[in-house]
Amino acid sequence: MLKTRIITAVAIMPLVLGMLFLAPAAGWSLFALAIALVAVWEWSRLAKLPAAAQGVYLALSGALGAAAWLASLRLPASEFLVLARGVFGVAAVFWFVVAPLWLARGWRPGPLASAAAGWLVVWPTWFALVFLREVSPWVLLAVAALVWVADIAAYFAGRKFGKRKLAPAVSPGKSWEGVYGGMAGVLAYGLVLWWVSRQQATPLTALFTPAGGIAALVAMLLLTGLSVVGDLFESWMKRGAGMKDSSQLLPGHGGILDRIDALTSTLPVAALAIACLR
């Protein structure tokens, strides 16, 4: 399994990084759209939509995706920013309020409500991928790396110190000690970024300027907490659907949603914070 995961990651990473740093804006947004549409398809399976309803849902998703892509190309930058801020604001309400309540109360909404939640999960993520890449590919990569650092640190801290279960009914393997380890890892990562940004001008320097960088470090810890919510929310949906993985598209990794679950909650909120600085 580990060998398969490594081979898949090695095969995919050059494509993702190549698109991120070398593709034109239209190419990157189209690439992100392809990812989003696959994620929507996977979510329709988690929502357990009947076949006919699934077809309608995917058709509407395709229309929404096409409209969003055209808007990113044709709208003036200022108007697209206003649209993106609205989308990010809705996503922030979902991840700070709705998703935690959903998890805390163990809600099992019907297929249509679950499908609607899928749009709130996927489309703000697409807008964030487009907006943050426009700000700077390095900014997008830095925010995504925050999630990866948190995940790795949480894994090792949980294995070493994990005793108190975080959400046994949702994801039995996660512990509070793992969460604290993830936050410690992200804090160390943030301090490195802060130090580098003070040594020389980088695309991240402006983000570490307010409050001497303290605001950025606090925001990174907040995003770490949201990454846990995103991870748990997808796990809850998979558990309700009786599925281990969202699909089998990525050998050794599962599906697209399995790889971007924590990004769906962090990228839109990070994008909202950065958009408010522009």
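Cut-off values and rules
- Position numbers for residues count from 1 along each chain, tracking the sequence in the order it is written.
- Given that this is a predicted model, residues contribute local features only at a pLDDT of at least 70 and side-chain atom pairs are listed and counted only at 80 or more, while totals for whole chains, interfaces and linings are drawn from all residues.
- Note that the side-chain values use all heavy atoms of the structure and ignore hydrogens as well as water.
- A pairing counts as a salt bridge when a side-chain nitrogen of Lys or Arg comes within 4 Å of a carboxyl oxygen of Asp or Glu.
- Here a strand is any run of E in DSSP of at least two residues, a helix any run of H or I of at least four, and the numbering for each starts at the N terminus.
- Two rings belonging to Phe, Tyr or Trp (six-membered ring only in the last case) form a pair when the distance between their centres is within 6.5 Å. Interplanar angles under 30 degrees mark stacking, angles over 60 mark edge-to-face geometry, and anything in between is tilted.
- Remark: exposure states derive from per-residue accessible area (1.4 Å probe, protein chains only) relative to the maximum for the residue type, with buried under 20%, exposed over 50%, and partly exposed in between.
- Every axis in this analysis is a line fitted to C-alpha atoms, fitted for helices over the stretch in contact. Angles between the N-to-C directions lie between 0 and 180 degrees.
- Throughout this description, any angle smaller than 35 degrees is read as roughly parallel, any larger than 145 degrees as roughly antiparallel, any in the 65 to 115 degree range as roughly perpendicular, and the remainder as oblique.
- We call a crossing left-handed when the near helix sits turned anticlockwise from the far one by less than a right angle, and right-handed when that turn is clockwise.
- Only heavy atoms enter the contact rule, under which two residues are in contact if any of them lie within 4.5 Å.
- Take the buried Ala, Val, Leu, Ile, Met, Phe, Trp, Tyr and Cys residues and link them wherever side-chain atoms come within 4.5 Å; each set so joined is a nonpolar core.
- Multiply 1.5 Å by the residue count of a helix minus one, and that product is the helix's expected span.
- Polar contacts here mean pairs of N or O atoms no more than 3.5 Å apart (in protein, one a potential hydrogen donor and the other a potential acceptor; neighbouring residues in sequence count only if both atoms are side-chain atoms).
- Strand pairing is assigned whenever DSSP detects at least two bridges linking the two strands.
- Here a patch means residues that are over 30% exposed by relative accessible area and free of salt bridges, tied together within 9 Å if like-charged and within 5 Å if nonpolar (Val, Leu, Ile, Met, Phe, Trp, Tyr).
- Only the protein chains shown count as cover for residues, and all accessible areas are computed by the Shrake-Rupley method using a 1.4 Å probe.
- Under the convention adopted here, Pro, Cys and the residues Ala, Val, Leu, Ile, Met, Phe, Trp and Tyr are nonpolar, Asp, Glu, Lys and Arg are charged, and Gly plus all remaining residues are polar.

Asker: Got a minute to help me understand the pattern of salt bridges in this structure?
Answerer: Any two side chains of opposite charge can pair, given that their charged atoms come close. On inspection of all chains with the given rule, the structure shows four salt bridges. Among the salt bridges present, the one from R164 reaches E177, with a minimum N-O distance of 3.2 Å. Of the two residues, R164 sits in the loop between helix 6 (137-161) and strand 1 (165-167) while E177 sits in helix 7 (residues 176-199), which places them 13 residues apart along the sequence. Here the salt bridges do not stand alone but share partners, grouping E234, K238 and D258 into one network.

Asker: I tried to follow unusual backbone geometry on my own but got confused; where do I start?
Answerer: Keep in mind that most residues, glycine aside, have a negative phi and that most peptide bonds are trans. The phi torsion at K48 lies on the positive side, around 60°, for a residue other than glycine. Within the fold, K48 resides in the loop between helix 2 (25-46) and helix 3 (51-74).

Asker: Help me understand the packing of aromatic side chains in this model?
Answerer: Two descriptors summarise a pair of aromatic rings, namely the distance from one centre to the other and the angle between the planes of the rings. A complete count under the given rule lists 13 aromatic pairs for this structure. Judged by centre distance (4.9 Å) and plane angle (90°), the rings of W102 and F233 are edge-to-face. On the criterion of sequence distance, the pair formed by W102 in helix 4 (residues 77-105) and F233 in helix 8 (residues 214-241) is long-range, its members being 131 residues apart. By the burial criterion, W102 is buried, and F233 matches it. One aromatic cluster is present, formed by W43, F94, W95, W102 and F233 through successive ring pairs.

Asker: Explain the packing of helix 8 against helix 9 (residues 256-275) to me, please; I cannot follow it from the model alone.
Answerer: Packed helices, taken two at a time, are described by the angle between their axes plus the distance between the axes. One way to put it is that helix 8 packs onto helix 9 with a least axis distance of 8 Å and a crossing angle of 140°. Relative to helix 9, the element helix 8 is oriented oblique. In this structure, helix 8 meets helix 9 at a crossing whose hand is right-handed. Contacts between helix 8 and helix 9 involve L223, L226, S227, G230, D231, E234 and K238 from the first element and L257, D258, D261, A262, S265, T266, V269 and A270 from the second.

Asker: Whenever I open this one, the nonpolar core confuses me. Can you help?
Answerer: Across soluble globular proteins, you tend to see nonpolar side chains buried next to one another. Judged by nonpolar contacts, the single largest core of 83 residues is most densely connected at W43, W95, W126 and F233. Setting aside its immediate chain neighbours within four residues, F233 contacts W43, F94, W95, A99, W102, L103 and V121.

Asker: When you look at helix 6 in this model, what are you seeing that I'm missing?
Answerer: One turn of an α-helix holds 3.6 residues; hence residues three or four places apart share an orientation. The terminal C-alpha atoms of helix 6 lie 35 Å apart, and with 25 residues this matches the ideal 36 Å at 1.5 Å per residue to within 8%. All of the buried residues along helix 6 are V139, L140, L141, A142, V143, A144, A145, L146, V147, A150, A153 and A157. For helix 6, the side-chain oxygen to backbone nitrogen distance between the N-cap and W138 is 3.1 Å, and the N-cap itself is S136.

Asker: Can you help me understand the side chain of S175 in this one?
Answerer: Its place among the elements puts S175 in strand 2 (residues 171-175). Take S175: its relative accessible area is 7%, and that puts it in the buried class. Ignoring any residue separated from it by four or fewer positions in sequence, one finds S175 in contact with G158, G162, K163, R164, K165 and L166.

Asker: Mind showing me how you'd approach the pairing of strand 2 here?
Answerer: Look at any regular strand and the pattern is simple: side chains alternate between the two faces of the sheet. Two elements, strand 1 and strand 2, share two bridges in a ladder whose sense is antiparallel. Of the residues in strand 2, the one forming a bridge with A167 is S171.

Asker: Explain a nonpolar patch on the surface to me, please; I cannot follow it from the model alone.
Answerer: A surface patch of nonpolar side chains, amounting to about 510 Å² of accessible area, comprises V93, F96, V97, L101, W107 and L222. Mapped onto the fold, L101 is located in helix 4.

Asker: Would you take a moment to explain the packing of helix 4 against helix 8 for this structure?
Answerer: At a minimum axis separation of 10 Å, helix 4 and helix 8 run at an interaxial angle of 45°. Accordingly, the angle class assigned to the pair helix 4 and helix 8 is oblique. Handedness of the helix 4/helix 8 crossing: left-handed. Between helix 4 and helix 8, the residues in contact are F94, W95, F96, A99, P100, W102 and L103 and L222, L226, V229, G230, L232, F233, W236 and M237, respectively. Taken together, the residues of the contact of helix 4 with helix 8 sort by class into 14 nonpolar, one polar and no charged.

Asker: I tried to follow the environment of A116 on my own but got confused; where do I start?
Answerer: Assignment of secondary structure puts A116 in helix 5 (residues 111-135). Separated by 155 residues in the primary sequence, A116 and A271 have C-alpha atoms spaced 22 Å apart.

Asker: Quick question: what am I supposed to make of the environment of D261 here?
Answerer: Relative to the elements of secondary structure, D261 occurs in helix 9. Taking the relative accessible area as the measure of exposure, D261 reaches 11% and is therefore buried. For D261 and D231, which are 30 residues apart along the polypeptide, the C-alpha to C-alpha distance reads 5.2 Å. Sequence-distant contacts of D261, that is, excluding residues within four places in its chain, are made with G230, D231 and E234.

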